[in-house]
Amino acid sequence: MSNMSNFIKSLRDIMRNDSGINGDAQRIEQISWMLFLKVYDSKEQDWKIDDDNYKSIIPEELRWCNWAHNDDGKGMTGDTLLDFVNNELFPKLKNLEVNSETPIKKSIVKTMFEDANQYMKDGTLLRQVINVIDSIDLGDYNEIHAFGEIYETILKELQSAGSSGEFYTPRAVTDFMAKMISPNVGEKMADFACGTGGFITSWIKELEKKVTSVEAQQALQNSIYGIEKKQFPYMLCVTNMLLHGIDAPSIHHDNSLLKDVLDYTEEDKFDVILMNPPYGGSEKSSVKSHFPDDIASSETADLFMAVIMYRLKKNGRAAVVLPDGFLFGADKAKLSLKAMLIKNFNLHTIIRLPHSVFAPYTSITTNILFFDNSRPTEETWFYRMDMPEGYKNFSKTKPIQFTHFDPVVEWWNNREEIIVDDFPKAKKYTANQLLESNCNLDLCGFPHTEEDILEPKELIRQFKEKRDSYNLEMEKTLAKILELLDEDN
């Protein structure tokens, strides 16, 4: 494609005229299955060079190279193309024969199309979209690198695509977390709600710096594991992995919360876990039944925290994004999870992120918890990352940048307590202090000069959690008073 910067604009302009496309989310989903077939076709050509006996799982007439090309304007178009895609391509790819022995790099084709959708109703416009996508030369190193940047832009657009925004964590955040985790060759990482694969690609980028041999390169290929419940982000993630050189991406279309956590064995555990669990959602009682009673929360993020702790290897490391509600939450499940985290794991660092990091999708303030499975917590450092100079809020046009983490990295390597305007910006607390405070981790937070504007549901949820926290504190205070009175008597 001669001008990669016009790629998204060209597709958007064409698809706006199709009556079958309703909004950004459908537009990106429509683009996704075509991008996958284009990228997969390029990969198959490479695999064929490496293996003369390679045989595609896709029937020859359905391979991108055999129907999507429009050489000399002779490619299918109009109703003929629409009929082929709707009645040949989709039904056959959805029903490919796959079994437990089918290699991942082949079985992903069926999984990709099981719940995929073809929204376009105008075959002529569909041909125009296919032509734009087919114009990308994935055999050209410079162009495939440029397309990687374009694909990143597509993922960023999910932030403003309605509910699909939950699938994208700002790249600056995932890169920072991967850098602090410091991957090692031979380790395997996991993300149990991987969305479009942001944490995995940051892991790959960081690990590539340490790849110095063919053996290490193969270890990198085998170093990732992801699970994504929703079809749309799953499609984007698999394509993302192929673009990043992972030929057999171990990405699974599944729900991480539908297995009893007590059934996990050593084979189910990982050296590193990097995640931004979905938060703000609630789960059915049938999902909660997979967790011990004391941690069987209805809050999605709580359940994922339990999965993370049960699936982290001995001496393994984790970095997890969680909302403020987890830090100060005082319901039974949150208190149990935090006590479990402090008593059984080494919760060594909590980074308090500034507000609007996830804007415009949500205004909820978040945090990064860093912990490992080496020993119980002895002390936990809290660090408040302030809004960079010149920024009042992050936004789609002014998102958080990796350089904004420079002060955090500098402090990380030379930790000291910091007080700003009588408020602690960085401070360490002992495990006993945290446990004695009823596991309140809402420390070194942001001084509030004006009331935050939150969604009504989030406002109610935080109010209930704070009310429960206050009630517990009152009960503890009352118990101490009664104990003192008994001693006086």
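Values in this document were obtained by computation on a predicted structure and should not be read as measured data.

> Teacher, can you tell me more about the packing of aromatic side chains here?
Any pair of aromatic rings gets described here by the distance separating the centres and the angle formed by the planes. Evaluation of the coordinates by the stated rule reveals 19 aromatic pairs. Taking the centre distance of 5.3 Å and the plane angle of 80 degrees together, the rings of Phe 90 and Phe 113 count as edge-to-face. Of the two residues, Phe 90 is situated in helix H4 (residues 78-94) and Phe 113 in helix H5 (residues 104-114); the sequence distance between them amounts to 23 residues. Grouping aromatic residues by their ring pairs yields a cluster made of Trp 33, Phe 36, Tyr 40, Trp 47, Tyr 54, Phe 90 and Phe 113. Between Lys 105 and the ring centre of Trp 47, over which it is positioned, the NZ or CZ distance is 4.4 Å. Just above the ring of Trp 412 sits the side chain of Arg 415; from NZ or CZ to the centre is 4.5 Å.

> What is the right way to look at the environment of Tyr 40 in this model?
Structurally, the position occupied by Tyr 40 is in helix H2 (residues 24-50). The spacing of Tyr 40 and Val 109 is 69 residues in sequence and 8.7 Å in space, taken between C-alpha atoms. Apart from the residues lying within four places of it in its own chain, the contact partners of Tyr 40 are Trp 47, Tyr 54, Ile 57, Ile 58, Lys 105, Lys 106, Ile 108, Val 109 and Leu 242.

> Got a minute to help me understand the nonpolar core in this structure?
For soluble globular proteins, nonpolar side chains are generally found buried alongside one another. Counting residues in hydrophobic clusters, the biggest one holds 154 residues, and the most contacted among them are Phe 7, Trp 67, Phe 192 and Phe 371. Among the elements that take part in this core, H2 stands out by supplying ten residues, more than any other.

> Where do I start with a negative patch on the surface in this structure?
Among the surface-exposed residues, Asp 46, Asp 50, Asp 51 and Asp 52 lie close enough to one another that they form a single negatively charged patch. Mapping Asp 52 onto the fold places it in the loop between H2 and helix H3 (64-67).

> What am I meant to see in the packing of helix H1 (residues 7-15) against H2 here?
When two helices pack together, their arrangement is given by the angle between their axes and by how far apart the axes lie. It is at 11 Å that the axes of H1 and H2 come closest, and there the two elements cross at 115 degrees. In this structure, H1 meets H2 at a crossing whose hand is right-handed. For the pair H1 and H2, the contacting residues are Phe 7, Ile 8, Leu 11, Arg 12 and Met 15 in the first and Arg 27, Gln 30, Ile 31 and Leu 35 in the second. Its residues assigned to classes, the contact of H1 with H2 comprises six nonpolar, one polar and two charged.

> So what exactly am I meant to see when it comes to the pattern of salt bridges here?
Within the structure shown, the criterion is met by 23 salt bridges. Across the pair Lys 92 and Glu 88 runs a salt bridge whose closest N-O atoms are separated by 2.9 Å. One end of the pair, Lys 92, and the other, Glu 88, are both in helix H4, four residues apart, so they sit about a helical turn from each other. Since its relative accessible area comes to 31%, Glu 88 is described here as partly exposed. In this structure, the salt-bridge partner of Asp 331 is Lys 334, at a minimum N-O distance of 3.5 Å. Using a relative accessible area of 3% as the deciding quantity, one classes Lys 334 as buried. One connected set of salt bridges, linked through shared partners, spans Asp 41, Glu 44, Glu 60 and Arg 63.

> What is the right way to read the pairing of strand E8 (residues 379-384) from this model?
Where a strand is regular, its side chains alternate between the two sheet faces. In terms of burial, E8 is a largely internal element, five of the six residues being buried. Two elements, strand E6 (residues 346-352) and E8, share four bridges in a ladder whose sense is parallel. Across the sheet, Arg 352 pairs through a bridge with Arg 384, a residue of E8. The sheet contact formed by E8 and strand E10 (residues 423-430) spans five bridges and is antiparallel. Within E10, the position partnered with Phe 382 by the bridge is Lys 427.

> When you look at the pairing of E10 in this model, what are you seeing that I'm missing?
Bridge analysis of strand E9 (residues 418-420) against E10 gives three bridges, and the strand direction is antiparallel. Among the inter-strand pairings, Ile 418 is bridged to a residue of E10, identified as Ala 426. Between the end of E9 and the start of E10, which pair antiparallel, lie two residues, with Asp 421 showing a positive phi angle near 50 degrees.

> Explain the confidence of the model for the protein here, please?
The predicted coordinates of low-pLDDT regions are not to be read in fine detail. Mean pLDDT over the protein works out to 88, with 87% of the residues at or above the 70 mark. Taken as a whole, residues 449-454 scores under 50 in pLDDT and shows five contacts with residues more than four places along the chain or in a different chain.

> So what exactly am I meant to see when it comes to helix H6 (residues 123-134) here?
Counting along an α-helix, one turn takes 3.6 residues, and residues three or four places apart therefore face a common direction. Given a rise of 1.5 Å per residue, twelve residues ought to cover 16 Å, and the 16 Å separating the end C-alpha atoms of H6 matches this to within 8%. Listed as buried for H6 are Gly 123, Leu 125, Leu 126, Arg 127, Val 129, Ile 130, Val 132, Ile 133 and Asp 134. Tucked into the core, H6 has its buried residues touching H1, H2, H3 and H4. Capping the start of H6 is the job of one residue whose side-chain oxygen sits 2.9 Å from the backbone nitrogen of Thr 124: Asp 122.

> I would appreciate a short explanation of the side chain of Thr 169 in the present structure.
Among the secondary structure elements, Thr 169 is positioned in the loop between helix H7 (141-157) and helix H8 (171-181). For Thr 169, a relative accessible area of 10% translates into the label buried. A polar side-chain atom of Thr 169 sits 3.1 Å from a polar atom in the side chain of Asn 276. When residues no more than four places from it in sequence are discounted, the contact partners of Thr 169 are Thr 174, Phe 199, Asn 276 and Phe 358.

Criteria and cut-off values
Residues numbered from 1 in each chain as written. Predicted model: local features only at pLDDT ≥ 70, side-chain atom pairs only at ≥ 80, totals over all residues. Heavy atoms only, no water. Phe/Tyr/Trp six-rings, centres within 6.5 Å; stacked < 30°, edge-to-face > 60°. Helix = DSSP H or I, 4+ residues; strand = E, 2+ residues; numbered from the N terminus. Lys NZ or Arg CZ within 6 Å of the ring centre and 35° of its normal. Contact = heavy atoms within 4.5 Å. Core = buried A, V, L, I, M, F, W, Y, C linked by side-chain atoms within 4.5 Å. Buried < 20%, exposed > 50% of the residue type's maximum accessible area, 1.4 Å probe, protein only. Patch = residues over 30% accessible without salt bridge, like charges linked within 9 Å, V, L, I, M, F, W, Y side chains within 5 Å. Areas by Shrake-Rupley, 256 points an atom, 1.4 Å probe, with all protein chains shown as cover. Salt bridge = Lys/Arg side-chain N within 4 Å of Asp/Glu carboxyl O. Lys, Arg positive; Asp, Glu negative; His and termini not counted. Charge placed at Lys NZ, Arg CZ, Asp CG, Glu CD. Axes fitted to C-alpha atoms, helices over the stretch in contact; angles between N-to-C directions. Left-handed = near helix turned anticlockwise from the far one by under 90°. Nonpolar A, V, L, I, M, F, W, Y, C, P; charged D, E, K, R; others polar. Pairing = 2+ DSSP bridges. pLDDT = per-residue confidence, 0-100. Expected span 1.5 Å × (residues − 1). Polar contact = N/O pair within 3.5 Å; in protein donor to acceptor, adjacent residues only side chain to side chain.

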